[in-house]
Amino acid sequence: MRGLPLGDVRVVELGQLLAGPFCGQLLGDFGAEIIKVEDPGRGDPMRQWGREKPHGTSLWWPVVARNKKSVTCDLRTAEGQDLVRRLVERADVLLENFRPGTLERWGMSPERLHEINPGLVITRVTGFGQTGPYAPRAGYGSIGEAMGGIRYVTGDPDRPPSRAGISLGDSLAATHACIGTLVALHERERSGKGQVVDSAIYEAVLAMMESMLPEWQQASYQRERTGPVLPNVSPSNVYPTADGDSVLIAANQDSVFRRLATTMGADELAADERYATHGARGAHMAELDETIARWTAGFPADELLEILHRDGVPAGRIYRAADMFDDPHFAAREAIVRVPHPEFGELAMQNVVPKLSDTPGSVRSAGPELGAHNDEVYGGLLGLTGEEIARLAATGII
């Protein structure tokens, strides 16, 4: 097995919270050297975020900052800005998610940075992008989710728009930023020039909205909230079981529905004109769901799943974290990895995706302590002496 595929890429990460740092996490998972620049004394607010904080420590930070090096630097000072420009001179990527104009105020506009390093890829993640009338606005992930369309269609039809229980907009923008960064690095191999990657949260959400736009433009059809189902896609729902559990069955394709009907001992359903085609099943979704629910309610969940899997019908439980830890498939594919941590001992977290057959990524370390790599980066990479590093620390620059 060869080395990590991005092992020759150096990223200076200036962002904080999630939209920028998750992009850095994805790049670091595949071997990029991520030098995360944090505010002295405070660091990234992600160090404090998270729902559960044993020992007063965030359980989110070790994940989003895994495989990264932490250095401290006050970007609001001229000397701190000069340090970052020196880092950029030796970097392949600068990653940030400040409001548009912030880098420019700090003397680090793309034009200035490209004078220092013409091959630099500058990846910028914001709520609304670098241009347009909304660009100067503060833009959190939740606002991007609302503007991009996913909030309106999430939830039950008789309730206000809901949200996913994760920071979906931030993560989507970061994922698209990662794709853009890799594309820009690939283009640099041909042209020798860097460029700006502009990833907006609302646009990353919009990119996932399937055929919503042409549906409105061509047919004046407005998608609405539909709870656990998609309109005209049936059967694809959660069904009750005899032991009080529930199982999700997705048999909306014609051939799969025929298999489900046979499994139910009801081949006549597949021949019934109300259910024989995808469109017909969509038009009669409610009554078909009732028929399937009466059948599934006669089996305990384990037995039901065994029958469905035996007959090639897609089905499964809705997992919680505890289910993931107990599942043999998660274990076989090492979907969960355990990483050494100074406070928690072994810390479990999601492993790297996707899996590469020859040069897979890896989780090599959990999120570091604030400024843990100051000496390594400022001394080893920039060549500062111990006295210079001590002075910068004493004056609050780092």
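Keep in mind that what you see is a predicted model, and the values were worked out from it rather than measured. (Residues numbered from 1 in each chain as written. Predicted model: local features only at pLDDT ≥ 70, side-chain atom pairs only at ≥ 80, totals over all residues. Heavy atoms only, no water.)

*Asks:* For this particular structure, what's the right way to read the overall build of the chain?
*Replies:* Counting its regular elements, the chain contains 18 helices and 11 strands. For the chain, the spread of C-alpha atoms along the three principal axes comes to 80 × 50 × 40 Å. Here the chain holds 398 residues, and 46% of them are scored as buried. Here the contacts in the chain between residues at least 6 apart in sequence split such that 68% fall between residues at least 24 apart. In the form shown here, the chain has an accessible surface area of approximately 20,100 Å², with 53% of it arising from carbon and sulfur atoms. In the chain, 40 side chains carry a positive charge and 54 a negative one; their mean positions are 4 Å apart. (Helix = DSSP H or I, 4+ residues; strand = E, 2+ residues; numbered from the N terminus. Buried < 20%, exposed > 50% of the residue type's maximum accessible area, 1.4 Å probe, protein only. Contact = heavy atoms within 4.5 Å. Areas by Shrake-Rupley, 256 points an atom, 1.4 Å probe, with all protein chains shown as cover. Lys, Arg positive; Asp, Glu negative; His and termini not counted. Charge placed at Lys NZ, Arg CZ, Asp CG, Glu CD.)

*Asks:* Sorry, what's going on with the pattern of salt bridges here?
*Replies:* Any two side chains of opposite charge can pair, so long as their charged atoms come close to each other. Throughout the structure, instances matching the rule amount to 26 salt bridges. Arg76 is paired through a salt bridge with Asp39; the nearest N and O atoms lie 3.8 Å apart. Of this pair, Arg76 sits in the loop between β3 (68-72) and α3 (78-89) while Asp39 sits in the loop between β2 (33-38) and α2 (61-64), and the two are 37 residues apart along the sequence. Since its relative accessible area comes to 59%, Arg76 is described here as exposed. Of the residues examined, Asp39 reaches a relative accessible area of 18% and is grouped as buried. The network of salt bridges with common partners includes Arg10, Glu33, Lys69 and Glu376. (Salt bridge = Lys/Arg side-chain N within 4 Å of Asp/Glu carboxyl O.)

*Asks:* I'm lost on the packing of helix α1 (residues 19-29) against helix α7 (residues 168-191) in this one. Help?
*Replies:* What describes two packed helices is the angle between their axes and the distance between those same axes. Contact pair α1 / α7: the axes reach a minimum separation of 8 Å and the direction vectors enclose 50°. The angle between the axes of α1 and α7 places the two elements in the oblique class. Here α1 and α7 pass one another in a crossing that is right-handed. Residues Ala19, Phe22, Cys23, Leu26 and Leu27 of α1 form the contact with α7, whose participating residues are Asp170, Ser171, Ala174, Thr175, Ala177, Cys178, Thr181 and Leu182. Residue composition of the contact of α1 with α7, grouped by class: 9 nonpolar, 3 polar and 1 charged. (Axes fitted to C-alpha atoms, helices over the stretch in contact; angles between N-to-C directions. Parallel < 35°, antiparallel > 145°, perpendicular 65-115°, else oblique. Left-handed = near helix turned anticlockwise from the far one by under 90°. Nonpolar A, V, L, I, M, F, W, Y, C, P; charged D, E, K, R; others polar.)

*Asks:* Explain the layout of surface pockets to me, please; I cannot follow it from the model alone.
*Replies:* Empty space among the atoms can be located by rolling a probe the size of a water molecule over them. In this structure, the second largest pocket encloses a volume near 440 Å³. Around the second largest pocket sit 18 residues that line it, and Val153, Glu210, Arg223, Leu230 and Pro231 are the ones nearest its centre. Partitioning the lining of the second largest pocket into residue classes produces 9 nonpolar, 5 polar and 4 charged. (1 Å grid on protein atoms, 1.4 Å probe; cavity = no way out; pocket = protein on both sides within 12 Å on 5 of 7 lines; lining within 4 Å. Points joined across faces, edges and corners; volume = space filled by probe spheres on them.)

*Asks:* Help me understand the sheet that holds strand β9 (residues 315-316), please; the structure alone is not making it clear to me.
*Replies:* Strand pairs in the sheet, formed through backbone hydrogen bonds, run parallel or antiparallel to each other. If you walk across this open sheet you meet the 3 strands as β7-β8-β9, and the pairing is antiparallel. Of all strands in the sheet, those with a lone pairing partner are β7 (236-240) and β9, marking the two edges. Where β7 meets strand β8 (residues 246-250), 5 bridges bridge the pair, whose relative direction is antiparallel. The partner of Ser236 across the bridge, within β8, is Ala250. Helix α14 (residues 301-310) rests against β8 and β9 of the sheet, and its axis sits at about 15° to β8. (Pairing = 2+ DSSP bridges.)

*Asks:* What exactly am I supposed to notice about unusual backbone geometry here?
*Replies:* Glycine aside, the phi torsion of most residues is negative, and most peptide linkages are trans. A cis amide bond links Ser234 to the next residue, Pro235, at an omega of -5°. Here the amide bond leading from Val353 into Pro354 is cis, since omega sits at -5°, within 30 degrees of zero. Locating Pro354 in the fold gives a position in the loop between β11 (345-350) and α17 (374-381). The residue Ser220 is not glycine, and still its phi comes out positive at about 55°.

*Asks:* Honestly, the packing of aromatic side chains in this entry has me stumped. Any pointers?
*Replies:* How two aromatic rings sit relative to each other is set out by the distance from centre to centre and by the angle between their planes. Counted under the stated rule, the structure contains 5 aromatic pairs. Consider the rings of Phe98 and Trp106, whose centres lie 5.2 Å apart with planes at 75°: the pair is edge-to-face. By the burial criterion, Phe98 is buried, and Trp106 matches it. Among the aromatic residues, ring-to-ring pairing joins Phe128, Tyr134 and Tyr202 into one connected group. The ring of Tyr134 carries the charged tip of Arg137 above its face, separated from the ring centre by 3.8 Å. (Phe/Tyr/Trp six-rings, centres within 6.5 Å; stacked < 30°, edge-to-face > 60°. Lys NZ or Arg CZ within 6 Å of the ring centre and 35° of its normal.)

*Asks:* Would you explain the nonpolar core in this entry?
*Replies:* Within soluble globular proteins, side chains that are nonpolar tend to cluster in buried spots. Of all hydrophobic cores here, the largest spans 44 residues; its most connected members are Val9, Val11, Cys23, Leu27, Ala32 and Met349. For this core, the secondary structure elements donating two or more residues are α1, α2, β4 (93-96), β5 (121-126), α7, α8 (201-206), β10 (336-341) and β11. Top contributing element to this core by residue count: α7, with 7 residues. Sequence-distant contacts of Cys23, that is, excluding residues within four places in its chain, are made with Leu95, Ala174, Ala177, Cys178 and Thr181. Cys73, Phe98, Tyr378 and Leu392 belong to the second-largest nonpolar core, a separate cluster that totals 28 residues. (Core = buried A, V, L, I, M, F, W, Y, C linked by side-chain atoms within 4.5 Å.)

*Asks:* It is not clear to me how the environment of Asp327 should be interpreted in this structure. Could you clarify?
*Replies:* By the element assignment, Asp327 lies in the loop between α15 (321-326) and α16 (328-332). Accessibility expressed as a relative area gives 13% for Asp327, which makes it buried. Side-chain polar atoms of Asp327 contact the side chain of Tyr319, separated by 2.4 Å. Polar side-chain contacts of Asp327 include one of 2.7 Å to the backbone nitrogen of His329. (Polar contact = N/O pair within 3.5 Å; in protein donor to acceptor, adjacent residues only side chain to side chain.)

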